Amino acid sequence: MSRWFAPVLLLGAVAAAGWGRAADGEEPDASVAALGTAGLAVTAEIAELDGSPLAEARIGTPFRIRLDFRDPAGGARPVTSPVAWLRPLGPTASTCQDSARAARVTGRLSGDDVPLAGLSLVTLDEANRVAVVDPHRPAASRIVAGIVPMEGRPAGFAVHPGRGELIYGRPDRGDVVALPLPWGRPSVLASGLAGPHAILPAPAGRLWLAEDEHVRLLDRTGATLHRLPLPGPVVLHEAGPGRVLAAGRDGSGLMLDRGTAEAVARFAPGTIGPVAAATPAAVLTIRDGRLVRLYADAPDRPDALDVPGAPLAVRADAAGRWALVLSRPLARSAAGPLALDILDLTTGRRVHGFEAPEPFDEAVLLGAAIFLTWPTRPVVTVIDLAALKDGDAAVRDVRLGGPDESHPVPRRGPMMAPLSPLSAVAVMRPGGRVLQTVLAGGGLSSAPAQAIALKGDPPVALAAYPRSLVSQGEGRFEATARLPHGGRWELVTTTGIGGTTACLPIPVEVTAEPPPAPRLDAEIGTRAGGTVTLAIRLRGGIPAKPGAVLRIRLAALDGSDIRDVAADPLGEGYVTTPFAASPGLYAVSLADGSPLRPDPAIVDLRPTAPEAGR
């Protein structure tokens, strides 16, 4: 099979071009367009997961998609976070431009569309198998990558967003394995290692690896760039996005640049205690019953921090602003509960504290929020630090569903994963199969924002996978995809409002044409006294039933307005209640809670727009 390329899409141009080479004497019959003002040219290609050429995508089989953004003259153009998805084509499909506009303003795709970005979760079960879970898909298909055996008990279970891979070590085999996400086959990335047991992502596809007596920086291919000795087993601590702390068994340590391994600070033996946390500028550790801070530029001068009790555990946020400290009363014989204290690291002072019913199990610090889980309490405690400006932090407990406490299942890794850049976490109780999303904020409900029952065996570890177009260099991105059914498909990619939107047909193996996907039709029904009604038809979906109200979401394409309205059955369609809306173009979709995800409609609510015929 020969290598093929997508057509180049120039601003405002419509080119008759196909994804593959046309047969001799034949012209490709696909038309594509780039819409916007950024002046970008877009090329694309598909390939097998191993990178070998692919002429046609096969139904149900994962494949790679590569995108390349360039100036019309041919030079690479830097692009920040483009969005792309695959959508089926057919008689009910909206235009490329309307589809991209509706997705941008609503943040929602049609039910048959295949997103190339969005948060997924990676779970590990007791049998050493991993699954990639898409919480936004229907319950029947929430495990989207099947079950992949790790062939050994893993250590250093970590997702590397810059590689789009799950990386884990196998200490018994002395190697590190990479698993492309969300679909792929595991392969050995590096071998000949001495007990790899901890992994941290690094820039440019690199990764940090802790061994029995060393810490290594590996490049994208798995080759060792730097190998630094430390008495082991070595412990790795994140020190913000740009640094990493490697601590040895004897209390020595190295603060290193995360991407280059340049030593920012060296800590002498006995300096770092067994309990420690790191920030971009310092190390927090417990020494002689006190919490001290060791600055990177003065590692031999400890600075005592304001903790009223005897510290037992400490956590810090990535920015180095907040620290959470668990402590007990100073007098060992004194009766009294454990305490949780919050320190403002800019001043080194305690700013809030409260009693703790037991030592916390896991802690995640995100921005101005702290999330805590407990060994026996079925809740996530959320601490909203933004409320400190009003005198006190807001604290609430979010109830978690899960297994019977009489049958505990030990976890082997984190069961709470940060959902950055959102101020939220995904959490599961050990032994359970319910994935729950908990949001920051002190005044929200005591119930999870989302609770999703998962298939498969109960997970024993959890990691967040911010599935996206993985950057492969300036203007180049890559993602994996899998088509759920046959027919005609196209790739939609957009750089945002005012940027470039391109739709490129996907070459797909010949299969039976599927039934048309459901879609919405909408047009103005009536205008009266500054209000409007819409006539709605749901094509290919559930027929209207007497008394069954359809909840409709309206979103202005310029982002100025979004609202939900009710639509009552009328004949073979629906009609909305009267509502006032700003003049302009609106995307019409079904409101949250509907089991259907039809292709949205675009309706013109400007005064000059025609009304539906009566």
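Residues numbered from 1 in each chain as written. Predicted model: local features only at pLDDT ≥ 70, side-chain atom pairs only at ≥ 80, totals over all residues. Heavy atoms only, no water.

J.: Explain the overall build of the protein chain residue by residue, including any values.
T.: Broken down by element type, the protein chain carries 1 helix and 49 strands. The burial tally for the protein chain puts 50% of its 614 residues in the buried class. Taking as baseline every contact in the protein chain between residues at least 6 positions apart, the subset at least 24 positions apart corresponds to 52%. Of the roughly 27,100 Å² of accessible surface on the protein chain, a fraction of 53% belongs to carbon and sulfur atoms. (Helix = DSSP H or I, 4+ residues; strand = E, 2+ residues; numbered from the N terminus. Buried < 20%, exposed > 50% of the residue type's maximum accessible area, 1.4 Å probe, protein only. Contact = heavy atoms within 4.5 Å. Areas by Shrake-Rupley, 256 points an atom, 1.4 Å probe, with all protein chains shown as cover.)

J.: How would you explain the sheet that holds strand β7 (residues 118-125) if you had to name every residue and give the values?
T.: Hydrogen bonding along the main chain pairs the strands of a sheet, whether they run parallel or antiparallel. If you trace the 4 strands from one edge of the open sheet to the other, you get β9-β8-β7-β38, paired in antiparallel fashion. Two strands in the sheet have a free side with no partner beyond their single neighbour: β9 (148-149) and β38 (459-467). (Pairing = 2+ DSSP bridges.)

J.: Tell me about the confidence of the model for the protein chain, residues and numbers included.
T.: Where the model shows low pLDDT, its predicted coordinates should not be examined in detail. Averaged over every residue, the pLDDT of the protein chain is 81; residues scoring 70 or more account for 84%. This model gives residues 1-33 a pLDDT under 50, and the stretch forms 81 contacts once residues within four places in sequence are excluded. (pLDDT = per-residue confidence, 0-100.)

J.: Describe the state of the cysteines, with residues and values.
T.: Covalent bonding between the sulfur atoms of two cysteines defines a disulfide. A complete count under the given rule lists 1 disulfide for this structure. With its sulfur 1.8 Å from that of its partner, C96 forms a disulfide with C503. Its S-S torsion of approximately 80° makes the covalent link between C96 and C503 right-handed. Here C96 is found in helix α1 (residues 96-106), whereas its partner C503 is found in strand β42 (residues 500-506), with 407 residues between them in sequence. Classification of C503 as buried rests on a relative accessible area of 3%. (Disulfide = S-S within 2.5 Å.)

J.: Quick one: what's the story with the nonpolar core, residue by residue and with numbers?
T.: In terms of nonpolar packing, the biggest core is built from 26 residues, with F63, I65, L67, L86, L116 and L491 touching the most fellow members. Listed by contribution, the elements that provide at least two residues to this core are β3 (41-47), β4 (63-70), β5 (83-89), β40 (476-481), β41 (488-494) and β42. With near-sequence residues (within four places) excluded, I65 lies in contact with E45, I46, L86, L116, F477, E478, A479, A481 and L491. Of all hydrophobic cores here, the second largest spans 21 residues; its members include A522, V532, I552 and V565. (Core = buried A, V, L, I, M, F, W, Y, C linked by side-chain atoms within 4.5 Å.)

J.: Describe the pairing of strand β43 (residues 519-528), listing the residues and the values that go with them.
T.: As judged from the 9 bridges shared by β43 and strand β44 (residues 531-539), these two strands associate in the antiparallel manner. Bridging from a neighbouring strand, I524 pairs with L534 of β44. What sits between β43 and β44 in their antiparallel hairpin is a turn of 2 residues, with G529 showing a positive phi close to 55°.

J.: Residue-level account of unusual backbone geometry, with values.
T.: Residues G232 and P233 are joined by a peptide bond in cis, for which omega reads 0°. We note that A204 has phi near 60°; this positive angle belongs to a residue other than glycine. Following the sequence through the fold, A204 ends up in the loop between β14 (198-201) and β15 (207-210).

J.: Can you break down the pairing of strand β29 (residues 349-356) residue by residue, with the values?
T.: Across 7 bridges, the pairing between strand β28 (residues 338-344) and β29 is antiparallel. Paired with L340 across the two strands is F354, which belongs to β29. Between β28 and the antiparallel strand that follows it, β29, lie 4 residues; G348 among them carries a positive phi value of about 75°.

J.: If you had to explain the pattern of salt bridges to someone new, which residues and values would you point to?
T.: On inspection of all chains with the given rule, the structure shows 21 salt bridges. Put simply, E48 and R58 hold a salt bridge, and the shortest N to O gap is 3.0 Å. Of the two residues, E48 is situated in the loop between β3 and β4 and R58 in the loop between β3 and β4; the sequence distance between them amounts to 10 residues. Looking at R58, the relative accessible area reads 32%, which means it is partly exposed. (Salt bridge = Lys/Arg side-chain N within 4 Å of Asp/Glu carboxyl O.)

J.: Please provide a residue-by-residue account of the sheet that holds β40, values included.
T.: One open sheet holds the 4 strands; their spatial order is β3-β4-β40-β39, and the pairing between them is antiparallel. Where the open sheet ends on each side, the last strands, each with one partner, are β3 and β39 (470-471).

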